[in-house]
Amino acid sequence: DHDVVFAAVAQNGGALWYAHRRFIRDRDVVLVAVSQDGYALRLVDESLRRDRNVVKAAVTRCGDALEFANNSLKRDRVVVFAAVA
């Protein structure tokens, strides 16, 4: 259930690990998860690791999460700045 997963990742982004695979592709759930725990980016679908807003939210929370971003975003100035700020 979307609402249950959403509430769980809002409390602990790492809870995405236990969610059904469809939720690692759900942008709303993923944004909440990475905003709570940047390292949750390692759990999300590759398509969302290319999403600038998702990656920026993750690295803003934890700069080291840049490791899990798509290579194209590892060179994006806005994303990199968010990671080191």
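Residues numbered from 1 in each chain as written. Predicted model: local features only at pLDDT ≥ 70, side-chain atom pairs only at ≥ 80, totals over all residues. Heavy atoms only, no water.

1. What to know about the nonpolar core
Proteins that are soluble and globular tend to have nonpolar side chains buried together. Selection criterion: Among buried residues, the Ala, Val, Leu, Ile, Met, Phe, Trp, Tyr and Cys ones that are joined through side-chain atoms within 4.5 Å form a nonpolar core. Each residue gets one of three labels from its accessible area relative to the maximum for its type: buried under 20%, exposed over 50%, partly exposed in between, using a 1.4 Å probe on protein chains only. Numbering of helices and strands runs from the N terminus; a helix is a DSSP stretch of H or I covering at least four residues, while a strand is a stretch of E covering at least two.
Formed by 29 residues in total, the largest nonpolar core has its most connected members in Val 9, Leu 16, Val 30, Val 34, Leu 41, Val 55 and Val 59. Counting only elements with at least two residues in this core, the list comes to α1 (2-11), α2 (27-36), α4 (52-61) and α6 (77-84). It is α4 that contributes the most residues to this core, five residues altogether.

2. Re the packing of α1 against α2
The cut-off we apply is this: Helix axes are fitted to C-alpha atoms over the stretch in contact, other axes to C-alpha atoms as well, and angles between N-to-C directions run from 0 to 180 degrees. Just so you know how the angles are binned, under 35 degrees is roughly parallel, over 145 roughly antiparallel, 65 to 115 roughly perpendicular, and the rest oblique. Each crossing gets its handedness from the near helix: less than a right angle anticlockwise from the far helix is left-handed, clockwise is right-handed. The contact rule is simple, with two residues in contact once any of their heavy atoms fall within 4.5 Å. Each residue is assigned to one of three groups, with Ala, Val, Leu, Ile, Met, Phe, Trp, Tyr, Cys and Pro labelled nonpolar, Asp, Glu, Lys and Arg labelled charged, and all others, Gly among them, labelled polar.
It is the contact of α1 with α2, at a shortest axis distance of 7 Å, that shows an interaxial angle of 15°. Taken together, the axis directions place α1 and α2 in an arrangement best described as roughly parallel. Pair α1 / α2 crosses with left-handed handedness. Note on element contacts: α2 touches α1 through Asp 28, Val 29, Val 32, Ala 33 and Gln 36, opposite His 2, Val 5, Phe 6, Val 9, Ala 10 and Gln 11. Here the contact of α1 with α2 is composed, by residue class, of seven nonpolar, three polar and one charged.

3. Some thoughts on the pattern of salt bridges
Stated precisely, the cut-off is as follows: Take a side-chain nitrogen of Lys or Arg and a carboxyl oxygen of Asp or Glu: if they are within 4 Å of each other, that pair is a salt bridge.
This model, assessed by the stated rule, comprises three salt bridges. For Arg 27, the salt bridge identified is with Asp 51, shortest N-O distance 2.7 Å. With Arg 27 in helix α2 and Asp 51 in the loop between α3 (46-49) and α4, this residue pair connects regions lying 24 residues apart in the sequence. Judged by relative accessible area, which is 32%, Arg 27 ranks as partly exposed. Judged by relative accessible area, which is 16%, Asp 51 ranks as buried.

4. Some thoughts on the side chain of Asp 76
The condition is simple: Each polar contact in these results corresponds to two N or O atoms within 3.5 Å; when the atoms are within protein, one needs to be able to donate a hydrogen and the other to accept it, and residues that are neighboring in sequence are counted only if both atoms are side-chain atoms.
Counting through the fold element by element, Asp 76 comes out in the loop between α5 (71-74) and α6. When its relative accessible area of 17% is taken as the criterion, Asp 76 is described as buried. Polar contacts involving the side chain of Asp 76 include one to the main-chain amide nitrogen of Val 78, which spans 2.9 Å.

In short, the description is geometric, and any link to function would need to be established separately.
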